[in-house]
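# Fold and contact review
Spelled out from the first residue to the last, the chains are:
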Amino acid sequence: MKALKLTKIAAVVLLASTTLTACNNATESDTAKENITKESPSTLKNESATNQPELLPGFENRLNIYKEVTLTADLSHLSANQKQMLALLIDASKIMDDLFWQQAYSQDKKSFLASISDETVRRFAEINYGPWDRLDGDKVFLTQATKKAHGAEFYPADMTKAEFEQSDFSDKMGLYSVVKRDDEEKLMSISYSEIYHDQMNRAAAILDKAAKFADDKEFSNYLTMRAQALRTDEYQASDFAWMDMKNNPIDVVIGPIENYEDQLYGYRAAFESYVLIKDLAWSEKLAKYAQFLPELQKGLPVAKKYKAEVPGSDADLNAYDVIYYAGHSNAGSKTIAINLPNDEEVQLKKGTRRLQLKNAMRAKFDAIMLPIADELIVPEQRKNVTFTGFFANTMFHEVAHGLGIKNTLNGQGPVRQALKEHASALEEGKADILGLYMIRQLLDKGAITDGTLEDYYTTFMAGIFRSIRFGASSAHGKANMVRFNYFQENGAFSRNEQGLYSINIDKMTAAIDSLSQLILTLQGNGDYQGVDSLVKESGVIGETLAADLARLEAASIPVDIVFKQGKKVLGL
Ligand SMILES: [Zn+2]
């Protein structure tokens with residue numbers, strides 16, 4: 001699954017993506033400390049004497065973890081037709097947003113939000129698409145709310161796993177259907193196109209209309225096919241059409257896509273949308289890196305047999321500015337990179353497209369990374385925390401998933417199967433560390449001309465602090481902790497008496513190489529026990545680090561961002 005919400009899902013949710021996934025990076029963050037006003041909880045209580053939900057004690061300091069940023073992009077190069085099309089794509093996205101609310105929470109969105117008297121609390125509920133704190137393990141933060149069902153609204157609330165597993169009905173594990181009870185209380189499925197008939201048809205009609213305004217023929221074709229997919233629950237043809245687009249300056253990712261919201265089984269897809277403007281200049285810069293993949297694979301710091309596989313060099317890697325997020329992609333933490341489609345058949349035939357969401361990354365960098373650096377990095381290295389470094393680290397993480405080894409060398413089949421529940425954490429750890437390896441190599445070869453090694457390393461370090469705030473329980477979280485502890489043991493960084501961290505370039509380089517070797521060897525050997533020990537020993541947050549992370553919270557540094565977005569802010 002997919003999207004690298006650094007692609008998002010709050011770490012918590014970031015459950016391991018399955019195979020094809022990209023990484024939803026559960027990494028990103030922000031806050032709204034300037035925006036969120038400070039109403040005291042006692043005021044709330046007085047106001048909401050009877051039926052109104054109130055904020056539960058202990059959540060006061062959660063209300064400002066999201067920093068609001070205005071989501072804009074340069075639209076000056078677009079034609080009048082294209083601008084009209086963008087407005088329509090935003091309209092269709094809003095329908096996805098409403099559909100996601102229905103998947104996430106049983107109460108009607110409008111009446112639920114209207115019942116919350118305090119503006120700040122209401123906004124927090126809106127960001128979370130319900131009464132659960134998505135960046136803190138879905139903890140209930142409102143009175144009158146119950147624990148979030150693992151299966152969200154995809155399954156009947158009273159359904160047990162045993163009942164589901166013993167039942168036999170059509171589309172039981174379907175991506176695009178909801179499980180309900182029939183007249184005899186037996187489980188059955190209803191397709192999205194049927195249960196959400198009106199909304200799906202309205203969204204489809206808008207996409208059809210938008211297709212008429214598209215200057216790019218392939219994009220117009222994709223919109224028409226996507227509209228048809230919404231009406232029929234058959235998405236594959238539109239995914240193929242999406243893979244075939246190369247030159248469209250505008251893009252949209254829309255429909256039921258990721259399965260993270262279904263925490264019960266991970267079967268059912270949640271509605272979301274991204275409306276995107278391609279950044280042609282940055283995309284050109286990225287295109288040249290893919291050609292180095294085979295060479296970088298050969299140079300990996302590991303014995304030959306662990307790098308015998310040959311990566312493709314046709315990675316589709318582009319930079320975009322997002323102008324609208326809706327539904328799942330907008331709930332809780334915000335995705336900053338996308339790797340789609342999730343359909344494995346499409347992936348096998350066409351690969352995937354990797355979309356780097358530049359303006360959202362920039363917003364997270366400004367709102368979160370820089371303040372973290374000020375709090376935790378030694379003064380003389382703060383200048384080395386750069387947006388170029390953040391962008392590159394994020395991007396090369398994605399590309400690095402393509403390096404290394406996919407199949408074990410000793411007959412245990414795919415690495416993913418051999419390493420079981422640890423496979424995702426190790427794969428994410430591999431992508432992070434090999435991403436840094438790639439950057440160093442490309443700097444040496446002169447292929448990357450911006451920034452210094454010290455920039456990329458120091459930015460990476462600040463990025464670890466940022467990511468760990470999403471928790472250490474997800475695949476990304478465990479990978480982060482293993483790496484942090486490994487770096488520490490190998491002197492890649494040190495912490496002074498003031499609690500400030502500094503990077504040792506040479507030792508960091510050595511640690512990157514030896515950790516790369518360790519991970520690739522564990523993968524190639526399908527060494528489940530070895531990974532299990534590594535994760536158990538190193539995949540945890542120590543006391544000192546926990547105290548340092550508490551300093552970030554005390555300094556009110558946002559955990560993630562939330563967007564002020566829409567046609568008005570774009571002037572459409
Ligand atoms: Zn990843």
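See the structure above.
Residues numbered from 1 in each chain as written. Predicted model: local features only at pLDDT ≥ 70, side-chain atom pairs only at ≥ 80, totals over all residues. Heavy atoms only, no water.

### Overview of the overall build of the protein chain
How we decide: Only runs of H or I of at least four residues qualify as helices and only runs of E of at least two qualify as strands under DSSP, and these elements are numbered from the N terminus. Atoms considered for the radius of gyration are the C-alpha atoms alone. The globule rule reads 2.2 Å times the number of residues to the power 0.38. To sort residues, take the accessible area from a 1.4 Å probe on protein chains only and compare it with the maximum for the residue type: under 20% means buried, over 50% means exposed, and anything in between is partly exposed. Where accessible areas are quoted, they stem from the Shrake-Rupley method and a 1.4 Å probe; at the residue level, only the protein chains shown are allowed to cover.
Tallying secondary structure elements over the protein chain gives 23 helices and 13 strands in all. Over its C-alpha trace the protein chain gives a radius of gyration of 23 Å, about what one expects of a compact globule, namely 25 Å for 572 residues. The buried share among the 572 residues of the protein chain stands at 59%. Here the protein chain displays about 22300 Å² of accessible surface, and carbon together with sulfur accounts for 49% of that area.

### Examining the sheet that holds strand β6 (residues 250-258)
So the rule is basically this: Should DSSP find at least two bridges between two strands, the strands are regarded as paired. The convention used is that axes are lines fitted to C-alpha atoms, helices contributing only their stretch in contact, and that angles between N-to-C directions extend from 0 to 180 degrees. Residues are treated as being in contact if the distance between any of their heavy atoms lies within 4.5 Å.
The strand order across the open sheet built from five strands is β6-β7-β8-β10-β9, with neighbouring strands paired in mixed fashion. A strand with exactly one partner marks an edge of an open sheet, and here the two such strands are β6 and β9 (337-340). Adjacent strand axes in the sheet meet at a mean angle of 35°, parallel and antiparallel pairs treated alike. Bridging between strand β8 (residues 316-327) and strand β10 (residues 353-357) involves five bridges; their strand directions are parallel. Residue pairing in the sheet places alanine 319 in a bridge with glutamine 356 of β10. Contacting β8, β9 and β10, helix α15 (residues 387-400) runs over the sheet at an angle of about 165° to β10.

### Brief notes about the side chain of arginine 268
Stated precisely, the cut-off is as follows: Neither His nor the chain termini are counted; the positive set is Lys and Arg, and the negative set is Asp and Glu. Any carboxyl oxygen of Asp or Glu that lies within 4 Å of a side-chain nitrogen of Lys or Arg is treated as forming a salt bridge with it. In protein, a polar contact requires one atom able to donate a hydrogen and another able to accept it; more generally it is a pair of N or O atoms within 3.5 Å, and residues adjacent in sequence count only if both atoms are side-chain atoms.
Of note, arginine 268 is situated in the loop between β6 and β7 (270-278). Here arginine 268 is buried and forms no salt bridge, its nearest opposite-charge partner aspartate 171 lying at an N-O distance of 4.8 Å. Engagement of the side chain of arginine 268 in a polar contact is seen with the backbone oxygen of lysine 172, the distance being 2.9 Å. Within the structure, arginine 268 has its side chain in polar contact with the backbone oxygen of serine 177 (distance 2.5 Å).

### A word on the pattern of salt bridges
Using the criterion set out here, one finds 27 salt bridges in the structure. With a closest N to O distance of 3.6 Å, arginine 123 and glutamate 68 form a salt bridge. You can see arginine 123 sitting in helix α4 (residues 119-128) and its partner glutamate 68 sitting in strand β1 (residues 66-70), a full 55 residues away along the chain. We classify glutamate 68 as partly exposed; its relative accessible area is 27%. Close ionic contact of arginine 362 with aspartate 366 constitutes a salt bridge, the shortest N to O distance being 3.8 Å. Taken together, the positions of arginine 362 and aspartate 366, both in helix α13 (residues 358-376) and four residues apart, correspond to about one turn of that helix. Here the salt bridges do not stand alone but share partners, grouping Glu68, Arg123 and Glu126 into one network.

### Quick look at the packing of helix α19 (residues 475-489) against helix α21 (residues 528-538)
To keep things clear, this is the line we draw: Each angle receives one of four descriptions, namely roughly parallel if under 35 degrees, roughly antiparallel if over 145, roughly perpendicular if within 65 to 115, and oblique otherwise. When residues are sorted by character, Ala, Val, Leu, Ile, Met, Phe, Trp, Tyr, Cys and Pro go into the nonpolar class, Asp, Glu, Lys and Arg into the charged class, and all the rest, Gly among them, into the polar class.
The interhelical angle for the contact between α19 and α21, taken along N-to-C directions, is 75°, at an axis separation of 9 Å. Our classification of the angle between α19 and α21 gives roughly perpendicular. For the pair formed by α19 and α21, the contact residues are Lys478, Met481, Val482 and Asn485 on the first element and Leu534, Val535 and Ser538 on the second. Its residues placed into classes, the contact of α19 with α21 shows four nonpolar, two polar and one charged.

### Thoughts on the pairing of strand β5 (residues 187-191)
The pairing of strand β4 (residues 177-181) with β5 spans five bridges and is antiparallel. Paired with valine 179 across the strands is serine 189, a residue of β5. Here β4 folds back onto β5, and the loop between the two strands holds five residues, one of which, glutamate 185, carries a positive phi near 70°.

### Some remarks on the pairing of β8
Of all twelve residues in β8, twelve are buried; the element is thus mostly enclosed. For β7 and β8, the ladder comprises seven bridges, and the chain directions are antiparallel. Each residue of the ladder has a partner; that of isoleucine 277, found in β8, is aspartate 321.

### Thoughts on the nonpolar core
Heads up, the rule is: In plain words, nonpolar cores are sets of buried Ala, Val, Leu, Ile, Met, Phe, Trp, Tyr and Cys residues tied together by side-chain atoms within 4.5 Å.
Of all hydrophobic cores here, the largest spans 181 residues; its most connected members are Leu89, Phe219, Leu223, Leu357, Phe396, Phe465 and Phe487. With residues near it in sequence (within four places) discarded, phenylalanine 465 still touches Ile372, Leu376, Ile377, Phe484, Tyr501, Leu545 and Leu549.

### Points about the environment of glutamine 347
Tracing the backbone through its elements, the reader meets glutamine 347 in helix α12 (residues 344-350). Once the C-alpha coordinates of glutamine 347 and aspartate 239 are considered, the two residues, 108 residues apart in sequence, prove to be 9.6 Å apart. Separated by 2.6 Å, the side chain of glutamine 347 and the backbone oxygen of proline 341 make a polar contact.

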